[in-house]
Structures are given as structure tokens and as C-alpha cells.
There are 2 protein chains.
Amino acid sequence: MGLGRFQYSTHVGFAARYSGRVRSFITFLMTAGALAAGPNVVPQPAKFEARSGSLTIAAGFRIVAEGPCAAAMGRTWRDSLRRLSRITGIPDAPAASGPALTVNCQLASAVPVKLGEDEAYSLEIDTRGARLTAARSAGLLRGVETFLQLVTVTPGGFAAPACLITDAPRFPWRGLMLDVARHFMPVETVKHTLDGMAAVKLNVLHWHLSDDQGFRVESKSFPLLHRVGLEGEFYTQDQVREVIAYAGARGIRVVPEFDVPGHATAWLVHYPALGTVPGTYQVERGHGIFDPVMDPSKESTYQFLDRFFGEMARLFPDPYLHIGRMRTTGGSGRRRDDPGLHEGAGIAGQHGAARVLQQATGGDCEEARQGDDGWDGSGIRMCREALIQSWRGPKELAAAARAGYPVILSTGFYLDLMQSVAQHYEPDPLGGEAAALPAEAKARVLGGEACMWTEFVTPENLDNRLWPRLAAVAERLWSPAEVRDVEALYGRLEALTLQMEMQGFRPRSGTELMLRRMAGTKEVGPLVTLAGAVEPVKEYTRGILSHHEVTLPLNRLIDAVPPESVVAREFGKDVRAALGGDEAARRRVRVMLVAWRDNDARVRPMLEGSGILAELVPLSDALATVARAGLEAMDNRAAAGGAAG
Amino acid sequence: MGLGRFQYSTHVGFAARYSGRVRSFITFLMTAGALAAGPNVVPQPAKFEARSGSLTIAAGFRIVAEGPCAAAMGRTWRDSLRRLSRITGIPDAPAASGPALTVNCQLASAVPVKLGEDEAYSLEIDTRGARLTAARSAGLLRGVETFLQLVTVTPGGFAAPACLITDAPRFPWRGLMLDVARHFMPVETVKHTLDGMAAVKLNVLHWHLSDDQGFRVESKSFPLLHRVGLEGEFYTQDQVREVIAYAGARGIRVVPEFDVPGHATAWLVHYPALGTVPGTYQVERGHGIFDPVMDPSKESTYQFLDRFFGEMARLFPDPYLHIGRMRTTGGSGRRRDDPGLHEGAGIAGQHGAARVLQQATGGDCEEARQGDDGWDGSGIRMCREALIQSWRGPKELAAAARAGYPVILSTGFYLDLMQSVAQHYEPDPLGGEAAALPAEAKARVLGGEACMWTEFVTPENLDNRLWPRLAAVAERLWSPAEVRDVEALYGRLEALTLQMEMQGFRPRSGTELMLRRMAGTKEVGPLVTLAGAVEPVKEYTRGILSHHEVTLPLNRLIDAVPPESVVAREFGKDVRAALGGDEAARRRVRVMLVAWRDNDARVRPMLEGSGILAELVPLSDALATVARAGLEAMDNRAAAGGAAG
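Residues numbered from 1 in each chain as written. Chains lettered and ligands numbered in written order. Predicted model: local features only at pLDDT ≥ 70, side-chain atom pairs only at ≥ 80, totals over all residues. Heavy atoms only, no water.

## Concerning the pairing of strand E4 (residues 100–107) of chain A
All names here are of chain A.
Point 1. Most of E4 sits inside the fold, with 6 of its 8 residues counted as buried.
Point 2. Relative to E4, strand E3 (residues 62–66) runs parallel, the two sharing 5 bridges. By the bridge assignment, Val64 is partnered in E4 with Thr102.
Point 3. Bridging between E4 and strand E6 (residues 130–136) involves 6 bridges; their strand directions are parallel. Along E6, the bridge assignment pairs Val103 with Leu132. (Buried < 20%, exposed > 50% of the residue type's maximum accessible area, 1.4 Å probe, protein only. Helix = DSSP H or I, 4+ residues; strand = E, 2+ residues; numbered from the N terminus. Pairing = 2+ DSSP bridges.)

In C-alpha cells form, the structure reads like this:
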């Protein structure tokens, strides 16, 4: 049954893992069950002590705020009760007395929250009530999310298990980079995503606001900038403030990103004098890495940027401001190894950009230095205050930390690469080369950021692209390093996904809806069977090689199916169990193969009736062929007397 | 197999129609196929001419507004393109040239629209483009909905069929009464419902803003009024204006309702002097018909109401204002037949209330008259301007029209009674006694209103309670009287429901989500099987007899399942076909019965694992018993050589 990896021009491939080949999962399976079962919460808390009984959530359940710090968070508690009501279906109508979650903190955190703020909390639940305590209000924000996730349906109705949780994050910087340049995400979508981030205790929205394909924030200094972008959409400064306030109320910082000098086409459309080459520029409609680049040799470039970044520094209160990856094709007419155009790490600067960094970090950059610090061997001159977002790997991260820079990890956390929960759960900011750093350098490793580039992501499928995989990254960044049981995580993610659906997220139901749209009918059983067997192609296969434009309709199977197939994962487990002699698993494998074999005839009329689905005929045929081969192999094995035929 | 009707303490019963008894459906089935197939649109247009080919909807599709009237509706067209994008998944990025829907009107309609406004339009679609033309902008609003509904997935991708449609409504008053007193509906929910109303060409939102259980609009004259209501929620006057503007942009009038003198508990909580009985009043937490009533014998009552209605008449621009049904238990200490307390039709008045009507209608009420006009034999004195909303039946409606009053029909359109599409589709404002009215009286029959009382409806299940049944009422009120093919309607409603789901409505997916919540898992197959076999109890069984309070959690099976079961309807058709000798139908009946029989064992662990589902154990057992009996009957019949055993 070794079937390898299928890929089609439709850009949907069978995931390799249900080929029957046992691969990297083995390592995780070996750890399963080794740790004591934690609570049904993502991310796992630092300490958990189960107690007997549970707290029933019934009509009238309340949140009682004790003391001025907690009382000042009235909107948070009203919102929490509303969410509890969506989780349970019990009306949001707190009684004057009776069971409650009592919340108490010593001191209000700054809003927006500061990097390194104390987010610790303790949560004690018994059969009569629950008590959430924190030194700072940021801790209460984290703790109430734990409480909400603990509420599940039980034989006694909705309830939270009695327990004592003492929790604090492992890393202070736990972010999501959201690209709104390739596809614009409306304010409501951004807020909704902030709700989800808060649910898994992320605390930085890294907002990628400019790129070759669009410039998404209003500038009053340069009012033509935000006229650029395919949908013609951008955030007004009032909307930016609204998002910052919304994030702030959830303990989330907002770090804006404006890319210089590369990824800069959008700046140049109306301000071509910034560019290295005279002439006119068009906003980019394709995906990839493009030539247009700002000219770092002109003083006027810095004057422009000083004014622009000055305006943005007033708009965005966070001390950090991201200036891009600087990755370029080299710039027309300029050498690729020009120090001003280096393909480097997340945040970097040189002569003029240092001024930008000054504004962004508030530092005077007296400690700026030139290239001999070994972290990248690049000759880039940077301020010591600059924080490096590492996307090139643990080696670069370790070098930067050793050279004295604060660093965060993004390698392995690129959710747009369509990798599995297990793959995104594996990387550790302090893993690989960083594990060997001296303690002083380790302390500079502040956390990490998941990245969601949106070449093929719209507001419609964003939930299915982010969730539940983002929660796996969130757990890696919050929970103790030894929390690594990926099988247990998969189980907890199922529960989290269900609870998120109840609160209006559509990681699963969005897929179902898109399948119905493709088929033009509600009855899409055979299409669901086909969809369940495939995953989108991985890594950059679709993005870089296909030269799609941003106007490509993202309404096909590849856009609808989740990055990781639950069916395929279960099937892979069954195959491994069957090979190990598990008879029940063997029967399930056979049932699945028969279903796949017979599905082709059932789904065919649906595929032929829809111009969106017609391209899937070869895929369905291939699935049937694979299934027939699998059944034949099982028959042969059974005939030969094999244990797991 | 004659199983009758099952009802359980869980308030979910098997629908009678899949007992195997062939009942009222026969009459509809006989008409099926008698009419030429209309387009896939609800409501059906007045005239439709199919042509060959279709218009492909691809990236870049545009709406071109010709002339100042259509050009002034830019927001409408942007919104239409956004909705088209949700229907197709194709980006909302109109090109500079290429296929378009061209829109053109002669004259802008008033905003808000006036009763009787010309809503006619014509829509011509060919393979190169589409052209929508109307005398007034209101007609364009109706026509663009027709266009959007025509877009479906085809073998050639998304497309609209080439055709010529000439359309206009049969009745000018096509409304939905939405009760926001029993359960508050947030502004977003109201707007969302207005979107749905516009999609099926309804043009009146009758907003039931006060009742015994709550007072939901801000009054500046009497600022304690809106402090009443279980959730403590009300609309600010700014929000009311926002809703009116939102409705206005969709060609929908907003008619507010404030009930006097009955259903008046909420007024009396803070203004007890209005009541017939001195003392204190509490907002009503139960459902039913209650004693508290305003005292019509005190001049101060009229002074209060004059001031209140004066304020509301300034807030709500529509000339109509609904003052309630006046249905009371008689008022403590007053006789039921007191003319001031009569249980009458929708809008009525007597001595003092006539002043209210004066304000509401702008009439001077010189033609007020006393009770001898025969329409209700009640002795109620009313202005000629008063419009009667008839909920007591066609006889009352005909009498009122004959007596000179404008009338609308609501009998048969009470969606909270959980009746079927077929039942709500049947009543006709000009049916029954009205069919025999002289032409002059017939002209006073202005249309009808669906009613959605919300004792057991929350924002969560509102979509499943309204849709698709509201569309059946909308078709009755818009389409020609001879459009009556209910089987064809069921098919078109499936398509409409799917398209509405794509636009964010959740009539179906909301049910699925609630089932998952009850079970605490995504895998709810056996629960779906059980849920598919049942419908909520009908009429007032749950509401009046059970004495539930408004705080009752509406998170159970009865709250989740649609009022009408698609599975049950299909099964009923199969049973009838099987009895008629259809062998394929007989096989489907057997498969269904086997599935129901075997489902009990499969669903039992799920029911026992959830406190919300535990009450369904007897229901599941009963379904299995019924299925076994059905299978036995089939076996006996087969053994006896019957054709449809």
C-alpha cells in the first residue's frame, strides 16, 4: 500500500501520511500516555490538580468582581457571560445570588498591555463555585479563558470540573502575524480573530499592513498610500484605534508592519520617487517576490519614511513597529549584496532605517553596530534595541540571541504552508541550536509568532486556515516545554474547535458550507467523503509556482478543505494499528477503503454538474484506484495468512 | 402503520404526517406539475419567459448604474456585489469592462418607502449581460434580489439562465411581525433579518417593541420605561434610527408596535398609575395572557399616551403605528366586555385610543364611528384610517374590509406555531370569505404579515424558526394567486435556503451546531438521525400549557430542530409512493425504518452522556418501537402478497 504522495493540477493532493508508511508520527505516539492527563484546555496550564466533583453551570450563573481592579473590567465579564451563554445555550441572565465565578486581582495592567507583563493566575473550582485570582488584570484575562474552556456538557448538564490550576506563560511574546495586504481582512474579521487569539492566550497581533499587493492603513501625511490595494479597502485611523482598543481589552498588543525597502510596490504606485528606478509602478496582482524596492541611497527616501513612521508611531501605541523582512529580488539595477537591500531576518535596519528603528523603539541607537556580530554574517548595521523575528531557522535565531538581540521564532509556525498540527507543535523557540545557548542569551528568546500569509486566504476561509492549528502554536509558546503529547493535543483541539464553533468561528462549518456551494445542494455526502480524503498541497507549491493572481476565486476544494484531514489522520492510525495486529482497526480500514472505492460513482454526477467541481474527476478516480489497490493488498495479505491483511 | 401523533414531556413529537396516513398533502400533490416550471426564485415572478443559454458569472463581473436614479444607489450595488461574491466565492472585484448587470430606473422612491409604492421591474438576461429596469428605485431593489437568486452553480461554473422576467407584487403590504419583547433581538440580528426579508421581497418590518415581558425602546419622555425587560436590553433611539435607515435602504418600512391597553405589564412596572389597579407591578417572567391593563377611564392615561406616542411618532417616520391586539384577561376588577378592553383585532381604538390613532395615522378621525359597522359586532369606535391586522380568520378580515377598513391577514401566518411550509403557503388574503367581497372591498385587502412571537425563540434559533417558512408567506403575498404548487415551492426553498446559508444565515447549520453542543462532540450522526425524525410540538402546546419562564434555557432538541422535518416529509412521500406500488420507494422506506430501529442503540450512549439529551431516551426508544412496528407491518404485507409491503 505504499502510495507515496499524489499531487494534481487541481492543487489538492493526498496527504502522504495515509499511504500506510509510518513516519514521524511514531515519535509522538511513543510519548502518548507518558504524561498525566491534563485538563481539557488549550494551552495546557503550568500546574493542574484534579479534585472530585464539578461545578454545574445553570441559569443565573454569575461573575462576581471583587475589588476595584476586577470591578473595572465590567465589559470583560459581561462578554465572558455572553460567551458562556453561547457555549451552553443557557440565557445570559445572572441571578442576584447563587453559584458564581469570583474574580480578583491586585493591580490593573496597562492598556495596551506591555511586553513582559505578569500574566499569571490561579483558578480554583469546587462544587459550589469558582475563584480566579491574579496579581494583575492581564492574568484574569488569561484565567477566564481557562474557565470557559473547562465548561463542557456532562451527564449532569453543563459543568466545569473541580480542580486547582496555577498557571503562567513560558514566553512573554506569543503572536500571530496576519497579512491583510494580499487579501484585505475587514475590521470585523480582525476582531473575530482577536477573540480567537485571546481564547488561546496569544498576546501579540502582528498586523502586516503593507506589501506589494496593497497598502492597508490610512496615512494623513501621504493620503495616496492607502488608495492602493486590489479591493480598494483599507483601515481608517479610527478603525485602527478601534482594533487597538479591542485588542487591548483582551490583553493583546498590536504591532504594525510596514515593509521597507523591499515588498514595497504599494508605496511606489503613487510615490515613485521613492524607488530605485524612475517611472511608474502598478500595484502587484500576482504572488511572489518582486523587483520594486525603495532607494536607500537618497536622503529624500529617509525624509519620507521619517514623516510616515512618525505618524504611525503616534497612531500605534506599542513600542514595537515591524519594518519587514527586506527580502527582495535585488532591486532593478542594484546588486543583491548591497547592504541596503539585504535579504535578512524579520526586523533589521541600516543607515537610514536605523532612524526608523529609533522612532519605532524609542532608542537613540547609539549602540548601532555593523555586521561583525556574527548573527547573520551580513554586514547589516542595527540598533541593539531591534528585535529579530527569525524565519530562517533555529540556527539564525540562536546566532542573533548570542549576538545580543531579543529574538522570536517563526520558523515552523508558518500556518499558510498547510502543515499539520503535529508539525507546527514540534518547533520550540528554545529548541535546536538555542538549547545550547548560555542562560543570558536564552533569556533573549522572547517567544514566537505564527504567520498567516494570505495569498490564498480570504475572510471566508481564514477560520479554517487558522484553527485549530494556531492553538497548537499557542500551546507551544505558553505551556511548559515538557508538554509535548501531540495525541492528547489533537483530542483537546477537537473540544476547542467545537467550543469555538459555538462562539461563531467556522473552522469546520465553513468547510461544509463551501462544499455545498460548489455542489449547489445541501446533500453533499459523496463530496464530503472525497474532501475528507485530501489535503491542500503543502508549502509553496501553490503559491510560488502557479503565478496565481490575487483575483483568483478561492472557491474550490483546495480552498475549502482544512489543511489537515481528520479522516486521513484517523485512517493512518488505523493502518498502523492494523499492521500491528489490531483486528477492529483492520475492519475499519477495509470499510474506509470500500467507501473510497465506491465513492467515485456516487460523486461523479455532482462533479459533472458543477463547473467548480469538474476538475476533481481525476482526483476522485485516483482515490478509487488507490482504494482498490489497498483492498487488493489486504486481500493478498489475508490470503497469505498475514496478521493485518 | 397508523401511528398517530406522539407527544412527549420533552415537547418533541413525531410529526403526524409520517404515520403513513395520507392527508392534506394529496391536494397539493395533485396540482404538482400542472403549471409550467417557473424560475428558481422565491417569490415566483409574475411573468417569466425562459430563453436559451446563460450568463456566466466570473471574476470581474460588474453592476453598471445608468442615470442618476440608479447611480444614487451605489451602496446597494456594492452590497449586491458583495453578496454575489458570497454566493459564488468569486472575489468582489469589478472590472472596468466586461459582463455586467445594468440597472436603470426613472425616479427615486421615497426613503423610507411609502405604502403602495411602485415595486415593478423587468429583468432581461442573455449570454452577454443582464438588464434590470424599473420605473422607481424600489423596483430595482426587488429586481436585484431576483437576479441574485438566479445565480447558481452549473456545469459551466456560476451562471444565471437567460430569460425575461416582468414582475410586480400582488399586494402592497408584505410584512413580518418580529417580537423583541419576550426575547430581545440585538440590532445585528434585526438587520440580518431585514436582509432576509429583502431577499424575498417583504416590505414591512412590524416591530413588536413592548409587551408584558419587556419594553424595548428608549423613551426620553418616560426614561424608566425601557429599564424593563429580562435581559435589561433595549434599543437606543440612535439604534432605532439605524435600523430604520437600514430597512429604508432595502425598501422596507418599519411599523413599531406598543401595546395598549392590554399586554401592558411593562408600562406599569415604573408607571403603575396607568393601571386599573393600584399597587406595584413586576415585569412578567412567564408566558401567557395576563391581567395588568391600562385604565381607559382616567384622563391621565391619555395624557401619558399622548406624550409617549407623540415622541414615538417623531422617532418612527412611517405613518402607521401599531397599538396592539388589546387582548387581555379582562383586567382585574373590570368586565371583559368593557368596550375599552375588548379582545379584538390587530389595530383598534376607542375613545382615548382614537387620539393615539390620530397621531399614528395623521388623520383627524372625524369619521370615527361606533361599533355598528358590522365587522366585529363589538361596539369598538374606530377611525376610518385604522388598518386592521386580522388574526382571527378570513371571516373577520372580510367583515372589516366590507365595513370600510383597510385590512391585512395574519391568520395562518403565525410562524411560531411550528406549522409546515404547506400550511403557511395555503392561506390567501383574498381567500375564504374575502373571495366573495365586492371589488371595492377587495381593494382594501392590502396584504398580510407573518408573525414571529418569541416565547421560545432567541437570536440563536431565530434563523431556523423563520427560514425557509417565511419565504413561503412572502411568495403568497407577492406572487400571482394562481402560483400554488407547493411541491415546486419546497424545491425552490431548498435552493433559497442554501443561498441564504452562503450569505450568513443559519437555518440549517445552526441546528447542526446546537446538536453538537448538546452532545459535546462533532460526531453526532445518531443524534442527527433522531433529530431528523421529529418536529417541535405544534400550536400553543408548549407555550400556554407549560408555564415556562423567559429564562428557560432554549438549548434542547425542541429548540434546535427545524419546525418542519425534511426527512419526515420525504419519508411521507415515500410511504405514499410505496402504497401506490413504487418498489424503489418501498426499499427506501425499509432502509429508513431499519435506520430508525437501529439508531436507539447507537444514540443511547450520547443521550446518557449529556444532561441536555438525557430526556430523549424515551423518545429514541419510541422511534425504535415505531420503526419495528412499521417493519413488521411491511413484513406482514409482503407475506400476504401486498404490493407495497
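## Some details on the interface of chain B and chain A
How big an interface is tends to be reported as the loss of accessible area on association of its parts.
Point 1. With 40 residues of chain B at the interface, the matching set in chain A holds 40 residues.
Point 2. At the boundary of chain B with chain A, total buried surface from both sides reaches about 3,100 Å², with 63% on carbon and sulfur atoms.
Point 3. Of all residues in chain B, B:Val153, B:Leu498 and B:Arg517 give up the largest surface area on contact with chain A, accounting jointly for 18% of the area buried on that side.
Point 4. The tally of links between chain B and chain A comes to 2 salt bridges.
Point 5. Two residues, B:Arg516 and A:Glu512, come together in a salt bridge whose shortest N-O distance is 3.2 Å.
Point 6. Between chain B and chain A we count 10 residue pairs in polar contact (both at pLDDT 80 or more) in total.
Point 7. With 7 residues, helix H16 (residues 509–519) of chain B is the single largest residue contributor to the side of chain B that touches chain A. (Contact = heavy atoms within 4.5 Å. Buried area = accessible area lost by both parts, 1.4 Å probe. Salt bridge = Lys/Arg side-chain N within 4 Å of Asp/Glu carboxyl O. Polar contact = N/O pair within 3.5 Å; in protein donor to acceptor, adjacent residues only side chain to side chain.)

## Considerations on the nonpolar core
Point 1. Within the largest apolar cluster, 87 residues are counted, with the highest numbers of intra-cluster contacts made by A:Leu194, A:Trp207, A:Tyr235, A:Phe258, A:Trp267, A:Phe308 and A:Phe316.
Point 2. Not counting the four nearest positions on each side in its chain, A:Phe308 is found in contact with A:Phe215, A:Ser219, A:Phe222, A:Leu225, A:Phe258 and A:Trp267.
Point 3. Listed in part, the 86 residues of the second largest apolar core include B:Tyr281, B:Leu321, B:Val473 and B:Leu496. (Core = buried A, V, L, I, M, F, W, Y, C linked by side-chain atoms within 4.5 Å.)

## So, the state of the cysteines
Residues and elements named next belong to chain A.
Point 1. Enumeration over the complete set of coordinates arrives at 2 disulfides over all chains.
Point 2. Cys69 shares a disulfide with Cys105; S-S distance 1.8 Å. Taking the sign of the torsion about the S-S bond as the criterion, the disulfide between Cys69 and Cys105, at about -100°, is left-handed. You can see Cys69 sitting in helix H2 (residues 67–71) and its partner Cys105 sitting in strand E4, a full 36 residues away along the chain. Accessibility assignment for this pair places Cys69 and Cys105 in one class, buried. (Disulfide = S-S within 2.5 Å.)

## Topic: the packing of aromatic side chains
Point 1. Considering all chains together, one arrives at 42 aromatic pairs over all chains under this definition.
Point 2. Geometrically, the ring pair formed by A:Phe215 and A:Trp267 is edge-to-face, given 5.1 Å between the ring centres and 80° between the ring planes. Placement of A:Phe215 in strand E12 (residues 214–215) and of A:Trp267 in helix H7 (residues 265–270) is noted, with a sequence separation of 52 residues between them. For the pair A:Phe215 and A:Trp267, a shared accessibility class is recorded, and that class is buried.
Point 3. Ring geometry for B:Trp207 against B:Phe316: centres 6.4 Å apart, planes inclined by 85°, an arrangement best described as edge-to-face. Of the two residues, B:Trp207 is situated in strand E10 (residues 204–208) and B:Phe316 in the loop between helix H8 (299–315) and helix H9 (353–361); the sequence distance between them amounts to 109 residues. Exposure class is identical for B:Trp207 and B:Phe316. Each is buried.
Point 4. In textbook terms, an aromatic cluster arises when at least three aromatic residues are bridged by ring pairs, as seen for A:Phe184, A:Trp207, A:Phe215, A:Phe222, A:Tyr235, A:Phe258, A:Trp267, A:Tyr271, A:Phe304, A:Phe308, A:Phe309 and A:Phe316.
Point 5. B:Arg476 extends its terminal NZ or CZ atom over the ring of B:Tyr425, reaching a point 4.4 Å from the ring centre. (Phe/Tyr/Trp six-rings, centres within 6.5 Å; stacked < 30°, edge-to-face > 60°. Lys NZ or Arg CZ within 6 Å of the ring centre and 35° of its normal.)

## Overview of the sheet that holds E10(B)
All names here are of chain B.
Point 1. Ordered in space as E13-E10-E9-E18-E17-E16, the 6 strands form an open sheet in which the pairing is parallel. Pairing within the sheet leaves two strands with one partner each, and these edge strands are strand E13 (253–257) and strand E16 (388–390). Strand-to-strand twist across the sheet, computed as the mean angle between neighbouring axes with direction ignored, equals 25°.
Point 2. In this sheet, E10 lies alongside strand E9 (residues 173–179) in parallel orientation, the contact comprising 5 bridges. Along E10, the bridge assignment pairs Asp179 with His208.
Point 3. Packed onto the sheet, helix H5 (residues 187–199) meets E9 and E10 and runs at close to 150° relative to E10. (Axes fitted to C-alpha atoms, helices over the stretch in contact; angles between N-to-C directions.)

## Remarks on helix H6 (residues 237–249) of chain B
Point 1. With 13 residues, H6(B) ought to run about 18 Å at 1.5 Å a step, and its terminal C-alpha atoms sit 18 Å apart, in line with that.
Point 2. Against the buried residues of H6(B) lie H5, E10, E13 and H8 of chain B. (Expected span 1.5 Å × (residues − 1).)

## With respect to the relation of the copies chain B and chain A
Point 1. Turning chain B through 180° and shifting it by 0.0 Å along the axis lays it on chain A, with an RMSD of 0.1 Å. Each copy turns onto its partner about a two-fold axis. Minimal C-alpha separation from the rotation axis in chain B is found for B:Ser509, amounting to 3.7 Å.
Point 2. The residues that chain B uses at the interface reappear at the interface of chain A in 98% of cases, marking a shared surface. (Least-squares fit on C-alpha atoms with pLDDT ≥ 70 in both.)

By themselves these figures say nothing about function.
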